[in-house]
Amino acid sequence: GNSVTQMEGPVTLSEEAFLTINCTYTATGYPSLFWYVQYPGEGLQLLLKATKADDKGSNKGFEATYRKETTSFHLEKGSVQVSDSAVYFCALRQNTGGFKTIFGAGTRLFVKA
Amino acid sequence: KAGVTQTPRYLIKTRGQQVTLSCSPISGHRSVSWYQQTPGQGLQFLFEYFSETQRNKGNFPGRFSGRQFSNSRSEMNVSTLELGDSALYLCASSLGGDTGELFFGEGSRLTVL
């Protein structure tokens, strides 16, 4: 069945460092791909999405490109801030006899000043 | 626009009891999904409803059930509670479809003693 695998955390970076959080997926067909973020004390919210191969989603300086050939959707940001400290979840959504969004295990990011 | 509302926010039950959790989606959203979030297992899909019909179900025992009403509000029920059911239960609403972004509530935190 469909699955999402993302790198284990926690990831600790200094402010202004480059961030990559790896995400790969297993799915038949062409799912839509998402990154959700959970800031401390807040609910899950969408960060960005891509709905077809080679699409690039972007928001708040974060980017991810839908790579069908490598079944990946890695999250990147050129210069992280302390306020980016959160848990990041990669997810896919597909109609497999009914719609379902499944999530990776989440990667906790700590950014130090 | 009001967000997704979940009630109750916190509850404590004992083993063997049952619990009902409620979710009011964003106005105009006809799809509601439920997830169980635990530190060890991440976000596990429970079920997704659209216009009162269950469209998909996760790999949970029959003790977990749900329903959706004509006004799109949804409830989930867990019977014969076990210690392992302690978790944060998240509800998300969306417009549905394969590119549908999920909008999450703050969750209902269930503790089973």
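Reading the values: rules and limits
Residues numbered from 1 in each chain as written. Chains lettered and ligands numbered in written order. Predicted model: local features only at pLDDT ≥ 70, side-chain atom pairs only at ≥ 80, totals over all residues. Heavy atoms only, no water. Disulfide = S-S within 2.5 Å. Helix = DSSP H or I, 4+ residues; strand = E, 2+ residues; numbered from the N terminus. Buried < 20%, exposed > 50% of the residue type's maximum accessible area, 1.4 Å probe, protein only. Polar contact = N/O pair within 3.5 Å; in protein donor to acceptor, adjacent residues only side chain to side chain. Contact = heavy atoms within 4.5 Å. Buried area = accessible area lost by both parts, 1.4 Å probe. Salt bridge = Lys/Arg side-chain N within 4 Å of Asp/Glu carboxyl O.

1. Observations regarding the state of the cysteines
Okay, so step 1: Applying the stated criterion to the full structure yields 2 disulfides over all chains.
Okay, so step 2: Between the sulfur atoms of Cys23(A) and its disulfide partner Cys90(A) the distance amounts to 1.9 Å. Measuring the twist about the S-S bond at about -70°, one finds the Cys23(A)-Cys90(A) disulfide to be left-handed. Remark: Cys90(A) occurs in strand S10 (residues 86-95) and Cys23(A) occurs in strand S4 (residues 23-26); sequence separation between them is 67 residues.
Okay, so step 3: A relative accessible area of 1% places Cys23(A) in the buried class.
Okay, so step 4: Between the sulfur atoms of Cys23(B) and its disulfide partner Cys91(B) the distance amounts to 1.8 Å. On the S-S bond that ties Cys23(B) to Cys91(B), the torsion sits near -60°, and the link is left-handed. In this pair, Cys23(B) is assigned in strand S3 (residues 19-24) and Cys91(B) in strand S9 (residues 87-94), connecting sequence segments 68 residues apart. Across the pair, exposure class does not vary: Cys23(B) and Cys91(B) are buried alike.

2. Description of the side chain of Thr107(A)
Residue and element names in this part refer to chain A.
Okay, so step 1: Along the polypeptide, Thr107 turns up in strand S12 (residues 107-112).
Okay, so step 2: The exposure class assigned to Thr107 is buried, which follows from its relative accessible area of 0%.
Okay, so step 3: One polar contact links the side chain of Thr107 to the main-chain carbonyl oxygen of Met7, over a distance of 2.6 Å.
Okay, so step 4: Not counting residues up to four positions away in its chain, the partners in contact with Thr107 are Gln6, Met7, Glu8, Gly9, Val11, Ile21, Ala86, Val87 and Tyr88.

3. Focus: the interface of chain B and chain A
Okay, so step 1: Across the boundary between the two partners, chain B contributes 17 residues, which contact 18 residues of chain A.
Okay, so step 2: Buried area between chain B and chain A, summed over both chains or domains, comes out near 1700 Å², and the portion from carbon and sulfur atoms is 53%.
Okay, so step 3: Taken together, the links from chain B to chain A amount to 1 salt bridge.
Okay, so step 4: Arg93(A) is paired through a salt bridge with Glu48(B); the nearest N and O atoms lie 2.8 Å apart.
Okay, so step 5: At the boundary of chain B with chain A, the tally comes to 4 residue pairs in polar contact (both at pLDDT 80 or more).
Okay, so step 6: Broken down by secondary-structure element, the contributors of at least two residues to the side of chain B that touches chain A are strand S4 (31-38), strand S5 (42-50) and strand S6 (53-57) of chain B.

Treat this as a map of the structure, not an account of what it does.
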